[in-house]
Amino acid sequence: MPTGSDSTLLITLRGNSASGKTSLARAVRTAYGYGLALVSQDVIRRELLREKDRPDGVNIGLIDTIVRHCLDRGYHVILEGIFFSGHYGRMLRALRDDHRGSTYGFYFHVPFAETMRRHTTKPQADEYGEAEMRQWYREWDLLADSGETIIEPDSSLETSVQQVLEETGLMRMRIHR
């Protein structure tokens, strides 16, 4: 079902845990201002639903509905999360295919050792450790035919923000609400 308009943007940020997705999403939204919805997999799956990540989870349909609702109301959307391709690929492809505007995907390539180092700096670092992180980690979990842009592990937050803003043209589309 078509969603959004020719003037809305959909930006996906995907990658393993502790790769920098949430930090980048928040920084891009801060740079942009009002009119950019931030849809976070962790907020919906872990906080709102308290659901384990599994194929056909309730969160998948809810995320799809929220993104479509925001796009249909004229918001640009930045969608961020781990989004394993095996669990979320169909939903992400449908959003991409159904979106009337431009869709951009970014994938964080962060080696496991760096993922673990970053994990120790997170507030929930004591909730799960290396064993869980190793189980969840997916090397190069790119979506087929998505054209996702790779964000390398040595890219600073500031550089990554500029990369997203420039590649998407988001700042040229600023809406004041």
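Going by the structure above, here's the rest.
Residues numbered from 1 in each chain as written. Predicted model: local features only at pLDDT ≥ 70, side-chain atom pairs only at ≥ 80, totals over all residues. Heavy atoms only, no water.

Our focus in this paragraph is the pairing of strand β1 (residues 9-15). Where burial is concerned, most of β1 is hidden: seven out of the seven residues are buried. The alternating pattern of β1 places L9, I11, L13 and G15 and L10, T12 and R14 on opposite faces, both of which are buried. In this sheet, strand β4 (residues 102-108) lies alongside β1 in parallel orientation, the contact comprising seven bridges. Paired with L9 across the strands is S102, a residue of β4. Note: β1 against strand β3 (residues 76-81), five bridges, orientation parallel. By the bridge assignment for β3, L10 is matched with V77. (Buried < 20%, exposed > 50% of the residue type's maximum accessible area, 1.4 Å probe, protein only. Helix = DSSP H or I, 4+ residues; strand = E, 2+ residues; numbered from the N terminus. Pairing = 2+ DSSP bridges.)

The subject of this paragraph is the environment of H87. By secondary structure assignment, the location of H87 is in helix α4 (residues 85-98). Assessed through its relative accessible area of 23%, H87 is described here as partly exposed. Spatially, the C-alpha atom of H87 lies 17 Å from that of R50, the residues being 37 residues apart in sequence. If we skip the residues at most four places from it in the chain, H87 touches D53, R54, P55 and I60. A distance of 3.3 Å separates the side chain of H87 from the side chain of D53, its partner in a polar contact. (Contact = heavy atoms within 4.5 Å. Polar contact = N/O pair within 3.5 Å; in protein donor to acceptor, adjacent residues only side chain to side chain.)

Moving on: the sheet that holds strand β5 (residues 149-151). Picture the strands of a sheet paired through backbone hydrogen bonds; they go either parallel or antiparallel. Strand order in the open sheet made by the five strands is β2-β3-β1-β4-β5, with parallel pairing throughout. Sheet topology places β2 (36-40) and β5 at the edges, where each strand pairs with a single neighbour. For this sheet, the mean inter-axis angle between neighbouring strands, taken without regard to orientation, is 20°. Running over the sheet, helix α2 (residues 41-48) touches β2 and β3 and is turned about 45° from β2. Where helix α3 (residues 58-72) meets the sheet, it contacts β1, β2 and β3, and its direction lies at approximately 160° from that of β3. (Axes fitted to C-alpha atoms, helices over the stretch in contact; angles between N-to-C directions.)

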